[in-house]
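Here is how the chains run, residue by residue.
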Amino acid sequence: SKDLESFNIMTGLGFGMATLLNCLVMAFGFLTFGGSSAGVILNNFSTLDSGASICRLLMAVCVIGGYPFLVRAVTSEALALVGKPMDDSVAARKRETTATSITLLLLTLGSLVMKDAGFVIGFSGAVMGSFIVYIFPALLYLSHSRGVNLP
């Protein structure tokens with residue numbers, strides 16, 4: 001059908017542009033720093049570089065701003081995993097508060113022990129990259145082809 005053909009063309013163009021952009025970023029990164037590039041690319045720049053310092057500050061804002069979303073997602077999924085989904089009851093609120101406290105404790109202890117955040121950044125990037133490349137397009141195609149609305 002015409003809709004499926006349009007979807008295939010747009011998907012191909014989207015993946016092509018994303019591939020081109022990623023290749024350019026990798027090439028410029030390698031040409032800038034060579035093989036001695038650090039896992040967190042901002043660590044390659046001088047501490048006296050004002051542009052890199054602003055980027056480091058903005059990355060800190062992103063991490064701090066994203067922390068509540070991470071805690072909320074982990075807490076709600078952990079409660080759903082053990083069969084205690086969140087609702088508006090008093091008992092559920094107490095469970096949520098306890099689970100949030102435990103999640104914060106574990107994340108904080110992990111951050112105190114970890115020496116290099118490069119592994120966590122790489123792991124989360126790999127997982128999200130896999131979702132973006134393999135899972136999301138399939139869900140979009142299934143949703144489009146069957147007329148199902150995604151949650």
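Presented here is a report on the structure given in the accompanying data block. (Residues numbered from 1 in each chain as written. Predicted model: local features only at pLDDT ≥ 70, side-chain atom pairs only at ≥ 80, totals over all residues. Heavy atoms only, no water.)

1. Re the overall build of the chain
No. 1: Across its full length, the chain carries four helices and zero strands.
No. 2: Walking the chain from its N terminus toward its C terminus, one meets helices and strands in the order α-α-α-α.
No. 3: By the compact-globule yardstick of 15 Å for 151 residues, the chain is too spread out, its C-alpha radius of gyration being 21 Å.
No. 4: Its C-alpha atoms put the chain at 55 × 55 × 20 Å along the principal axes.
No. 5: Counting the 151 residues in the chain, one finds 7% classified as buried. (Helix = DSSP H or I, 4+ residues; strand = E, 2+ residues; numbered from the N terminus. Rg over C-alpha atoms; globule rule 2.2 N^0.38 Å. Buried < 20%, exposed > 50% of the residue type's maximum accessible area, 1.4 Å probe, protein only.)

2. Structural notes on the packing of helix α2 (residues 50-81) against helix α3 (residues 90-113)
No. 1: Between α2 and α3, whose axes approach to 9 Å, the crossing angle comes to 120°. By the criterion of interaxial angle, the relationship of α2 to α3 is oblique. Handedness of the α2/α3 crossing: right-handed. Residue-level contacts link Tyr-67, Leu-70, Val-71, Arg-72, Val-74, Thr-75 and Leu-79 of α2 to Arg-95, Glu-96, Ala-99, Thr-100, Thr-103, Leu-104, Leu-107 and Thr-108 of α3.
No. 2: Of the residues assigned to the contact of α2 with α3, the class counts are eight nonpolar, four polar and three charged. (Axes fitted to C-alpha atoms, helices over the stretch in contact; angles between N-to-C directions. Parallel < 35°, antiparallel > 145°, perpendicular 65-115°, else oblique. Left-handed = near helix turned anticlockwise from the far one by under 90°. Contact = heavy atoms within 4.5 Å. Nonpolar A, V, L, I, M, F, W, Y, C, P; charged D, E, K, R; others polar.)

3. Let's talk about the side chain of Glu-96
No. 1: Inspection of the secondary structure puts Glu-96 in helix α3.
No. 2: Residue Glu-96 is classed as buried on the basis of its relative accessible area of 12%.
No. 3: Here Glu-96 is in contact with Arg-72, Thr-75, Leu-79 and Met-86, once residues within four sequence places are set aside.

4. Observations concerning the side chain of Thr-103
No. 1: Within the secondary structure, Thr-103 is located in helix α3.
No. 2: At 3.4 Å, the side chain of Thr-103 and the side chain of Thr-75 are in polar contact. (Polar contact = N/O pair within 3.5 Å; in protein donor to acceptor, adjacent residues only side chain to side chain.)

5. Thoughts on the packing of aromatic side chains
No. 1: The final tally for this structure, using the stated rule, is three aromatic pairs.
No. 2: With centroids separated by 6.1 Å and ring planes inclined at 35°, the aromatic side chains of Phe-131 and Phe-136 adopt a geometry described as tilted. (Phe/Tyr/Trp six-rings, centres within 6.5 Å; stacked < 30°, edge-to-face > 60°.)

6. Some words on α3
No. 1: Its 24 residues give α3 an end-to-end C-alpha distance of 35 Å, which sits within 8% of 34 Å, the value for a rise of 1.5 Å per residue.
No. 2: Those residues of α3 that fall on the buried side of the exposure criterion are Ala-92, Glu-96, Ala-99 and Thr-103. (Expected span 1.5 Å × (residues − 1).)

7. Details of the packing of helix α1 (residues 2-33) against helix α4 (residues 118-146)
No. 1: Their axes nearest at 12 Å, the elements α1 and α4 cross at an angle of 165°. One finds that α1 runs roughly antiparallel with respect to α4. Judged by the twist between their axes, the crossing of α1 over α4 is right-handed. Contacts between α1 and α4 pair Asp-3, Leu-4, Phe-7 and Phe-15 from the former with Val-133, Pro-137, Leu-140, Tyr-141 and His-144 from the latter.
No. 2: Of the residues in the contact of α1 with α4, the class split is seven nonpolar, one polar and one charged.

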